[in-house]
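# Tertiary structure, described
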Amino acid sequence: MADLPGYMRACLHSGKLAFLAILVSGGIVLQILACALYDNWWPMLSLIMYVLLPMPLLFFAGSDSSALFSESDSGWVNATKFLTGASAVGSIAIPAILKHAGVIGWGALVLDLSSFFVIVLAIMCYIRTSDNEEYRIL
């Protein structure tokens, strides 16, 4: 990619950001549809876990996200992996428990879980994008 002209690299970078924005927007729309289509707002409870999901990555991983994809002896990286995994399991468990209790229907469950997978895909794409120096948070 180094042999591309500057305007072409800028276009590709803005395309990556636009793709991330579309993914996050799609996840939010799916979450709202899971509630609005079935006139039941209990699936919005999993929104709490969507807010908590990236928090360990932001607080403990910092700008070095490469350690998340490899084996590490660091306690902070291990805590980050554990808390992110617990949030991800909670994001799947909340709609499943609501369905098991008979609070929501199958359609709301499918839309809620598809919203989860779209948002996780956006987080993973962001982590890959932030490996590039231009997109670092810190």
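Please read these numbers as outputs of a predicted model, since none were measured by experiment.

## What about the UniProt feature "transmembrane region" (unreviewed entry) in the protein chain?
According to UniProt, the feature "transmembrane region" (unreviewed entry) maps to residues 17-34, 40-61, 82-98 and 104-127 in the numbering used here. The span residues 17-34 shows a helical share of 100% and a strand share of 0%, and its end C-alpha atoms are spaced 26 Å apart. Note that residues 82-98 is 100% helix and 0% strand, and that its end C-alpha atoms are spaced 24 Å apart.

## Structural notes on the side chain of Ser91
Along the chain, Ser91 falls in helix α4 (residues 75-100). At 2.9 Å, the side chain of Ser91 and the backbone oxygen of Ser87 are in polar contact. Each residue touching Ser91, except ones within four places of it in the same chain, is listed here: Ser46, Met49, Tyr50 and Phe116.

## Quick word on α4
Spanning 26 residues, α4 covers 36 Å between terminal C-alpha atoms, matching the ideal 38 Å at 1.5 Å per step. Listing the buried residues of α4 in full gives Val77, Thr80, Thr84, Ser87, Gly90, Ser91, Ile94, Pro95 and Leu98.

## Focus on the packing of aromatic side chains
Within this structure, the stated rule accounts for 2 aromatic pairs. Note on Tyr50 and Phe116: the rings are 6.4 Å apart at their centroids and 20 degrees apart in plane angle, and the pair reads as stacked. Here the residue Tyr50 occupies a position in helix α2 (residues 47-52), and Phe116 occupies one in helix α5 (residues 106-130), the gap between them amounting to 66 residues. Tyr50 sits in the buried class, given a relative accessible area of 8%. Judged by its relative accessible area of 4%, Phe116 falls in the buried class. Between Phe116 and Phe117, the ring centres sit 5.1 Å apart and the planes meet at 65 degrees, which makes this aromatic pair edge-to-face.

## Concerning unusual backbone geometry
A positive phi is found at Asp39, a non-glycine position, where the angle reads about 50 degrees. Asp39 sits in the exposed class, given a relative accessible area of 67%.

## So, the nonpolar core
With 7 residues, the main nonpolar core is built from Tyr50, Leu53, Leu57, Phe116, Ile119, Ile123 and Ile127. Top contributing element to this core by residue count: α5, with 4 residues. Core analysis: the second largest hydrophobic core is formed by 6 residues, Met49, Leu98, Ile104 and Leu109 among them.

## Structural notes on the side chain of Gln31
Secondary-structure assignment places Gln31 in helix α1 (residues 6-36). Gln31 gets classed as buried once you look at its relative accessible area, which sits at 2%. Within the local environment of Gln31, its side chain forms a polar contact with the side chain of Tyr50, the two groups lying 3.4 Å apart. Not counting residues up to four positions away in its chain, the partners in contact with Gln31 are Pro43, Met44, Ser46, Tyr50, Asp112 and Ser115.

Rules behind the numbers
Residues numbered from 1 in each chain as written. Predicted model: local features only at pLDDT ≥ 70, side-chain atom pairs only at ≥ 80, totals over all residues. Heavy atoms only, no water. UniProt positions renumbered as here; feature names shortened; annotations may be inferred. Helix = DSSP H or I, 4+ residues; strand = E, 2+ residues; numbered from the N terminus. Polar contact = N/O pair within 3.5 Å; in protein donor to acceptor, adjacent residues only side chain to side chain. Contact = heavy atoms within 4.5 Å. Expected span 1.5 Å × (residues − 1). Buried < 20%, exposed > 50% of the residue type's maximum accessible area, 1.4 Å probe, protein only. Phe/Tyr/Trp six-rings, centres within 6.5 Å; stacked < 30°, edge-to-face > 60°. Core = buried A, V, L, I, M, F, W, Y, C linked by side-chain atoms within 4.5 Å.

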